[in-house]
Amino acid sequence: MSRPAFNNPVDPVEYTALSPHEQERTIHIQQSVLEDVALGKNPIKVIEDICKLAESAVPASVASCMLLNEQDGLLYVMAAPSVTPEAIARLNGMKPGPGAGSCGNAVYRQEPMFVENTLTDARWCDHRELALDFNICACWSMPIRTSGGRVIGSFALSSFEHRHPGMFHRKLLEIGSHLIGIVLARQESEARIAFLASHDALTNLPNRALTRDRLEQAIARAQRDSASGALMFLDIDNFKLVNDTLGHATGDALLSMVAARLAQCFRETDSIGRQGGDEFLVVLGETAGTDAIGAVADKITQAMQAPFEVDGHTLSVSLSLGIAAFPADGTDPDELIRKADAAMYHAKDAGRNTHRFFNERMNLDSAEHLQLRTDMRRAIEQNEFVLHYQPQVDLASGAIVGVEALIRWHHPELGMTPPGRFIPIAEACGNIVPIGEWVLREACRQAAAWQAEGLPPMVIAVNLSAVQFRRGNLEETIGRSLHDSGLAPHWLELELTESILLQDTAHMLQLFQRLKVLGVKLSIDDFGTGYSSLSYLRDLAVDKLKIDQSFIRDMARNTGSASIVRAVAQMARSLHLRTIAEGVEDPSVIKLLREYGCDEAQGYHFAHPMPAEACAEFIRRSAGMQEPR
């Protein structure tokens, strides 16, 4: 047989313990409050109504709701419609504890507290004077809990008479605390929804819409006060490499840490928000000219100097910053964002980890960027792309043993456009995939055509973009290009950047192994500038290392560069790999390369990149061959 609920004041009261009239009254209270909640009534007003309904059911009493402040751990009155302001002032800042009255104890002990006599009960020892001053004779308090059971406050009935709560009173307290929990949960959900609507879920920074709104406000204030301000466009340098090598979870964690560190760099009058991806916007309020803005940019750069510890990885981060001032550079928010964005890209072009102020020349560059992006969609169909070829020379024999295929764009308005001007744009917008497919087809076709003309068979090297590995059907494209052209696979060499080796290495290993089965050769382009490990070179069965031109051009004057070239050549030889030096322009460099054991070289000293016909003629002359009739 179960014990009656009233034997233990902690047990909930069953409806069967109430009279029919009391049951009807409690159900009416619940229905009335829940209707208010459903109609979206102000949460504080709803809680005040709960207090009033409880007071109307218990004569000579006042009801109150106190909430726990998580920051200082103290209780504060949220609603007490019948309590005097003086009493509320005395109640605010109550610290939960064994002598902190009924409410303080209900939160402290996390269970209901029913005090019949506040003047003698030890639970009121710290607030006896409050009880005397405001004639609180008895006080019954119920903890308010979240849906997860966490205590966040108390709901209380204070009586002007010494008495113990009956079943109906306790049920009122249970219902009241439960309803308040529902109201607060809804308020918290609505507040969270409103927050998420205007803030970024990952970093908790204002999102693009809210940041733009704050920019509009800052512009309006500057115009009203004849003042000035600035917009900063921030982008994390090489962030994509983090996502590609360590995964998006690590990338997200790094983004949150960067955002938290950035938020510490600004005044309360400034605003930072996440624009999207790895981009942030900063709205600076009143500024004292470019020097002051530059000082803020330097402060941001300095703040990134300390590395970040993320998921067991130590990561160094730098930012590129673009700055547009208002009203000097405009007063339209979208225009300012566009100009700051353009300035940011110029900061990247200047070597990253720096800042640039917008100027009108950047407008022209941005217009060209947009034009190239639009025009390259039709460039393949209109046969505007061409390949030039740069010979590669064996340093021991002096014979031409290969050529590198280098794309050029014969733009109808801009003329012959070098790859450095359009390849980054093609990679950013994804057009590099169809462009790369065309390069493979054309390079294989040309190599096979040269062999058919009687030129000595030689390797043709083609650069591959990391985007092709992620988004293109690379294996199929290579196989089809070889099949359609009739070129034997061992005459095709694919040049890969070191960053490709760090992307999903298990997948890449399988792909490279399948490419090797096809019979093509693999080389690592710009070796020495990335993050390759020796195990990758071994496991991926690479055939050749291409030493970056930044080391080659400087090696005659810089012992450090010379040492790097020597070390790479020796390492390659120990791994049974060939080496090729790119960017050879100085004859004195050739002697050093031979001494270091480098196998091949290419550069302006031997030949500039040239069209197919000119390259064929150059090869014939070098081989002492006659012009075909």
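In what follows, the structure referred to is the one given above.
Residues numbered from 1 in each chain as written. Predicted model: local features only at pLDDT ≥ 70, side-chain atom pairs only at ≥ 80, totals over all residues. Heavy atoms only, no water.

Along its 16 residues, helix H20 (residues 559-574) runs 22 Å from first to last C-alpha, staying within 8% of the 22 Å computed at 1.5 Å per residue. Taken as a whole, H20 has its buried residues at Ser561, Ala562, Val565, Val568, Ala569, Met571 and Ala572. With a side-chain oxygen positioned 2.7 Å from the backbone nitrogen of Gly560, the residue opening H20 is Asn558. A positive backbone phi angle near 60° is found at His576, which sits one or two residues after H20. (Helix = DSSP H or I, 4+ residues; strand = E, 2+ residues; numbered from the N terminus. Expected span 1.5 Å × (residues − 1). Buried < 20%, exposed > 50% of the residue type's maximum accessible area, 1.4 Å probe, protein only. Polar contact = N/O pair within 3.5 Å; in protein donor to acceptor, adjacent residues only side chain to side chain.)

Turning our eyes to something else, we now look at the sheet that holds strand E5 (residues 151-159). Sheet strands pair by backbone hydrogen bonding; their relative direction is either parallel or antiparallel. Taken together, five strands build an open sheet; the order of strands is E2-E1-E5-E4-E3 and the sheet is antiparallel. Two strands in the sheet have a free side with no partner beyond their single neighbour: strand E2 (75-79) and strand E3 (113-115). Pairs of neighbouring strands in the sheet enclose a mean axial angle of 25°, with direction left out of account. Both strand E1 (residues 61-68) and E5 contribute to a ladder of seven bridges, which runs antiparallel. Note on E5: the bridge partner recorded for Cys65 is Phe155. Here helix H2 (residues 43-57) sits on the sheet in contact with E1, E2 and E5, set at roughly 145° to E1. (Pairing = 2+ DSSP bridges. Axes fitted to C-alpha atoms, helices over the stretch in contact; angles between N-to-C directions. Contact = heavy atoms within 4.5 Å.)

The next point concerns the sheet that holds strand E7 (residues 271-276). Read across the open sheet, the five strands follow the order E7-E8-E6-E11-E12; overall the sheet is mixed. Single-partner strands in this sheet number two, and they are E7 and strand E12 (355-357). Across the sheet, the axes of successive neighbouring strands diverge by a mean angle of 20°, strand direction being ignored. By the bridge criterion, three bridges tie strand E11 (residues 319-326) to E12 in an arrangement that is parallel. Bridging across to E12, Gly322 finds its partner in Arg356. In this fold helix H11 (residues 333-349) packs onto strand E6 (229-236), E7, strand E8 (279-284), E11 and E12, with an angle of close to 145° to the strand it touches most, E11.

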